[in-house]
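Secondary and tertiary structure notes
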Amino acid sequence: INQELTLETDIPFQSVYEFRMTWEINEHAEMKIKGILEGGENETSHKGPQGIVKLLLKKEREHEMSRVLFCGPITYTDLKQNHGITYIELKAQSPSVKLDYKKLCCSYQKQSQTYAEVMKDIIRIENGSIICTTEAKSTDGPLICYKETIWEFVKRLASHQNSYIIPDII
């Protein structure tokens, strides 16, 4: 993208002309990229959202490692042709988007469990993890996840503690 930033993806970018990243509480982080593909008009074989996008800050010294600023799955792509040039627009989201794929029905009955323990249990269903920074408050009663995604349920539980979720972007 420039001298300090590197974009790693299987999509063959020739150049990037627009780049935007948003990272807000209670939302999946997003990176939107618009660019031109290598190969011109022949490069229409890209088959929709697939793979990941990784944004790196290049190392300053030879012995340092590049720093990952964002890494997440591609969730949207759009290709357009104009005068022999293939333009691509894509959106990648934080890995937390995987917690929003399917709706679940389950309940947590143990009143001795804390909200954080319940959140950790349900997030493990999708091999996720969570770091809770609020007090270890016990649940007030049974907690029911009814036709909610894991993301929606965890967001609701966080609100019970006047808290929020910040997705991991790497």
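This section reports on the structure supplied with the text.

What counts and what doesn't
Residues numbered from 1 in each chain as written. Predicted model: local features only at pLDDT ≥ 70, side-chain atom pairs only at ≥ 80, totals over all residues. Heavy atoms only, no water. 1 Å grid on protein atoms, 1.4 Å probe; cavity = no way out; pocket = protein on both sides within 12 Å on 5 of 7 lines; lining within 4 Å. Points joined across faces, edges and corners; volume = space filled by probe spheres on them. Helix = DSSP H or I, 4+ residues; strand = E, 2+ residues; numbered from the N terminus. Nonpolar A, V, L, I, M, F, W, Y, C, P; charged D, E, K, R; others polar. Patch = residues over 30% accessible without salt bridge, like charges linked within 9 Å, V, L, I, M, F, W, Y side chains within 5 Å. Areas by Shrake-Rupley, 256 points an atom, 1.4 Å probe, with all protein chains shown as cover. Salt bridge = Lys/Arg side-chain N within 4 Å of Asp/Glu carboxyl O. Buried < 20%, exposed > 50% of the residue type's maximum accessible area, 1.4 Å probe, protein only. Core = buried A, V, L, I, M, F, W, Y, C linked by side-chain atoms within 4.5 Å. Contact = heavy atoms within 4.5 Å.

For the rest of this paragraph, the subject is the layout of surface pockets. Empty space among the atoms can be located by rolling a probe the size of a water molecule over them. Space inside the largest pocket adds up to approximately 730 Å³. Contributing to the lining of the largest pocket are 26 residues, with S129, I130, I131, I166 and D168 lying nearest its centre. Those elements giving two or more residues to the lining of the largest pocket turn out to be α1 (115-123) and α2 (150-160). Ranked by the residues each element gives to the lining of the largest pocket, the list is headed by α2, at three residues. The residue makeup of the lining of the largest pocket, split by class, is 15 nonpolar, eight polar and three charged.

This brings us to a nonpolar patch on the surface. Judged by side-chain polarity, F19, M21, W23, I25, Y164 and I166 come together as a nonpolar surface patch covering roughly 580 Å² of accessible area. For I25, the location among the structural elements is in the loop between β2 (13-22) and β3 (30-37). Judged by relative accessible area, I25 falls into the partly exposed class, the value being 46%.

Let's shift gears to the nonpolar core. I122, L143, I150, F153, V154 and L157 are the most contacted members of the largest nonpolar core, which has 17 residues in total. Mapped onto this core, the elements with two or more residues apiece are β7 (103-108), α1, β8 (143-149) and α2. Ranked by the residues each element gives to this core, the list is headed by α2, at six residues. If we ignore the near neighbours within four places in the chain, the residues touching I122 are L104, C106, Y108, C145, I150, F153 and V154.

Note that every value here comes from positions in space, so none of it alone points to a role or purpose.
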